[in-house]
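# Fold and contact review
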Amino acid sequence: MPTKFFGGVHPHTNKITQRDYISELTPPAKVFVPVVQHIGKPAIVKVNVGDYVKVGTLLASADGVISANIFSPVSGKVMAIENRPMGDREVTHIVIDNDFSDNAEFLPKLTNPTKEQILARTAEAGIVGMGGAGFPTAAKLTPPSGVTIDTLVINGAECEPYITSDHRIMLEYPEQILKGIRYIATALDVHNILIGVEENKQDAIDTLNKVIAANNITDIKVVGLKTRYPQGAEKQLIYALTKRVVPACELPSKVGVVVNNVHTALSVYYAVYEGQPLYRRVVTVSGGAVKNKGNYWIRTGTTYKDVLAECKTIDSRENVKVIQDKIKEKQSQLEKLDKSQKSEIKAVRAELKSLEKELSTVKSSQYIMIVNGGPMMGACTQNDENVITKTSSALLFLTEKEVNTVSPSQCINCGKCARVCPMRLMPMFIDAAAIAGDWAEAKKYGAVDCILCGSCSYICPAKRDLVSSMKKSKKMIATRGI
Ligand code: SF4
Ligand code: SF4
């Protein structure tokens, strides 16, 4: 019987790329590598304009424990070190012209590494949580003194719609993932390891189990989880697998658990066994506007624009302009015709009708929003100059049909948002408090416990943007020290 948690929703999964083998996306001619691809302090730039770098050259070094090293994803020349937009802020980016030689300098491979060597390598290789959070892995694997970790949870739930990158790596890299898990377990000195995978990925469960059986592994168990969003959220996953409840505002280590994503485990394998620092990752590229949807190894620092240029659009934006120009031409042709020219008028009108139909089809295939991550928790933007980072599990180019464009209306007190909230909150009351700017009231209703899963916004029949109210409440409570 698959395990589950309280609340949650069943959004349409849209996992159209789940059968697509991972391939390498051609690296771009220029990469823009941000010095922040993690939670914590920006890394400190270590290169200068004009330097020649290789794949794996250290570009910026971690500034403390909650920070991470940043590596070059291509070989070539550093052309600029400049501020560029990243989400809603400006971040230093290192701009490199790719010479396409892929000259590489990796770290020495480690055979039979000790716990200390694994921890050091995880930090050295810039590994961070790749499920989206970006918490530096070495820090996660070093619990505070006095805290005992007895269980390692590996997150293969991948509950967000569209995303299939974790699913594919579990199918295509199971041995490497299990080796990475072994390194992580060695670093933590843990012998109870649970891999949580949603039951809609039975082939991944079977693949992992086959490798586990073939290698007589006894301390790693793959557990099928109920397919329900947000199954992959840390607290929900821990509860589903261990029945332990992580208290509000506490980390999983409080209940003796450390959680790592499957892609993080794969990257730990590459760092330790192959000596490869983290400079690329598997990304699901999908959404109604993309022609060649799929799962790709993509170098960090690749712009969304370059990803789309490689994966191609269903129809180009230029095409919209071309058709619009043709429509204008036909309209002026129509104006010039005399009323007596009935057959000509009829013909031009027919052409106009067909062009308008064509325009509507082409327009409906254009993206109106880009999402880095899944549609429930991902970061939305319209700026295609943003880049792939260590935490980009998916890049979605969504059309109007795939995005909620309905304006919100008054709350009708239906209570649906409370019924689906996995943290057992009352989102409608926090929303009302946020509208009133009453942050103490928002805190009283538990806004700080919100995991920003978006289930409440998804289910709300009034289409209220509840998750924005949650975000704002959390921010105001923190900044005002309420
Ligand atoms: S209030 Fe927060 S945790 Fe609860 S459903 Fe909404 S976003 Fe998720
Ligand atoms: S789901 Fe929407 S309409 Fe229903 S109580 Fe919650 S906020 Fe109000």
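Reading the values: rules and limits
- Residues numbered from 1 in each chain as written.
- Chains lettered and ligands numbered in written order.
- Predicted model: local features only at pLDDT ≥ 70, side-chain atom pairs only at ≥ 80, totals over all residues.
- Heavy atoms only, no water.
- Helix = DSSP H or I, 4+ residues; strand = E, 2+ residues; numbered from the N terminus.
- Rg over C-alpha atoms; globule rule 2.2 N^0.38 Å.
- Buried < 20%, exposed > 50% of the residue type's maximum accessible area, 1.4 Å probe, protein only.
- Contact = heavy atoms within 4.5 Å.
- Lys, Arg positive; Asp, Glu negative; His and termini not counted.
- Charge placed at Lys NZ, Arg CZ, Asp CG, Glu CD.
- Pairing = 2+ DSSP bridges.
- Axes fitted to C-alpha atoms, helices over the stretch in contact; angles between N-to-C directions.
- Near = heavy atom within 4 Å.
- 1 Å grid on protein atoms, 1.4 Å probe; cavity = no way out; pocket = protein on both sides within 12 Å on 5 of 7 lines; lining within 4 Å.
- Sits in = over half its atoms within 2 Å of the grid points.
- Nonpolar A, V, L, I, M, F, W, Y, C, P; charged D, E, K, R; others polar.
- Polar contact = N/O pair within 3.5 Å; in protein donor to acceptor, adjacent residues only side chain to side chain.
- Salt bridge = Lys/Arg side-chain N within 4 Å of Asp/Glu carboxyl O.
- Points joined across faces, edges and corners; volume = space filled by probe spheres on them.
- Arc of directions from axis to C-beta.
- Phe/Tyr/Trp six-rings, centres within 6.5 Å; stacked < 30°, edge-to-face > 60°.
- Core = buried A, V, L, I, M, F, W, Y, C linked by side-chain atoms within 4.5 Å.
- Expected span 1.5 Å × (residues − 1).

### Digging into the overall build of the protein
Looking only at helices and strands, the protein has 15 helices and 17 strands in total. Taken over the C-alpha trace, the protein has a radius of gyration of 25 Å; the compact-globule value for 482 residues is 23 Å, and the two agree within 12%. With respect to the three principal axes, the spread of C-alpha positions in the protein is 90 × 60 × 50 Å. When each of the 482 residues of the protein is scored for burial, the buried share is 52%. Sequence separation of 24 or more characterises 72% of the internal contacts of the protein that already satisfy a separation of 6 or more. Taking the average location of the 60 positive side-chain charges in the protein and that of its 49 negative ones, the two points are 5 Å from each other.

### Notes on the sheet that holds strand β12 (residues 257-261)
Taken in spatial order, the 4 strands of this open sheet run β11-β10-β9-β12, and their pairing is parallel. Each having just a single partner strand, β11 (220-225) and β12 make up the two edges of the open sheet. Taking the axes of each pair of neighbouring strands and ignoring which way they run, one obtains an average angle of 25° across the sheet. Packing of helix α7 (residues 262-273) onto the sheet brings it into contact with β9 (151-156) and β12, and relative to β12 it is tilted by some 80°.

### Here's the deal with the site of ligand 2
In the neighbourhood of ligand 2, the contacting residues comprise C411, I412, N413, C414, G415, C417, M428, C460, P461, A462 and L466. Judged by the fraction of its atoms near the pocket grid, ligand 2 is located in the largest cavity. When grouped by side-chain class, the residues that make up the shell around ligand 2 number 9 nonpolar, 2 polar and no charged.

### Examining the side chain of T242
Summarising the element assignment, T242 is placed in helix α6 (residues 234-242). A polar atom in the side chain of T242 sits 2.7 Å from the backbone oxygen of I238. Aside from chain neighbours lying at most four places away, what touches T242 is T151 and L194.

### A short note on the pattern of salt bridges
This model, assessed by the stated rule, comprises 18 salt bridges. Put simply, R299 and D102 hold a salt bridge, and the shortest N to O gap is 3.0 Å. Linking R299 in strand β14 (residues 294-299) with D102 in the loop between β8 (89-98) and α1 (115-124), this pair joins segments that are 197 residues apart in sequence. The buried category is assigned to R299, whose relative accessible area is 6%.

### Concerning the layout of surface pockets
Estimated volume of the second largest pocket: approximately 300 Å³. Every residue lining the second largest pocket is counted, 15 residues in all, and those nearest its centre are Q236, Y239, V245, P422 and R424. Split by residue class, the lining of the second largest pocket holds 10 nonpolar, 1 polar and 4 charged.

### Observations concerning the site of ligand 1
In the vicinity of ligand 1, the contacting residues are C421, P422, M423, P427, C450, I451, L452, C453, G454, S455, C456 and M470. Of the residues that constitute the shell around ligand 1, the class distribution is 10 nonpolar, 2 polar and no charged.

### Overview of α1
Given 3.6 residues per helical turn, the α-helix brings residues three or four places apart onto the same face. Along α1, the residues classified as buried are I118, L119, R121 and T122. For α1, the angular spread of the buried residues around the axis is 165°, confining them to a single face. Residues of α1 that are buried sit in contact with α2 (137-140), α4 (174-188) and α7. Downstream of α1 by one or two residues, G126 has phi in the positive range, about 70°.

### Overview of the packing of aromatic side chains
Inspection of every chain in the model, using the stated rule, returns 7 aromatic pairs. When the ring of Y173 is compared with that of W297, the centres are 5.9 Å apart and the planes differ by 80°; the resulting orientation is edge-to-face. Within this pair, whereas Y173 is found in the loop between α3 (165-172) and α4, its partner W297 is found in strand β14, the two being separated by 124 residues in sequence. When sorted by exposure, Y173 lands in the same class as W297, which is buried. Judged by centre distance (5.1 Å) and plane angle (45°), the rings of F429 and Y445 are tilted. Of the two residues, F429 is situated in helix α12 (residues 427-436) and Y445 in the loop between α13 (439-444) and α14 (455-459); the sequence distance between them amounts to 16 residues.

### Considering the nonpolar core
The biggest cluster of nonpolar side chains holds 46 residues, and the ones touching the most others in it are L152, I181 and I195. Once residues lying within four places of it in the same chain are set aside, the contact partners of I181 are L152, I154, I193, I195, I220 and A265. Within the second largest apolar cluster, 20 residues are counted, among which are M428, I430, C456 and A462.

### Looking at unusual backbone geometry
The amide bond that connects Y229 to the next residue, P230, takes the cis arrangement and shows omega of 0°. Among the secondary structure elements, P230 is positioned in the loop between β11 and α6. One non-glycine residue, N112, adopts positive backbone phi at about 45°. In this fold, N112 is placed in the loop between β8 and α1. One non-glycine residue with positive phi stands out, namely K312, at about 65°. Look at K312 and you get partly exposed, because its relative accessible area is 42%.

### Concerning helix α10 (residues 342-364)
The terminal C-alpha atoms of α10 lie 33 Å apart, and with 23 residues this matches the ideal 33 Å at 1.5 Å per residue to within 8%. Every buried residue of α10 is accounted for by I345, V348, L352, L355, L359 and V362.

### Looking at the side chain of T391
Tracing the backbone through its elements, the reader meets T391 in the loop between β16 (379-381) and β17 (394-399). Here T391 is in contact with Q37, V128, G129, M130, G132, A133, G134 and R281, once residues within four sequence places are set aside.

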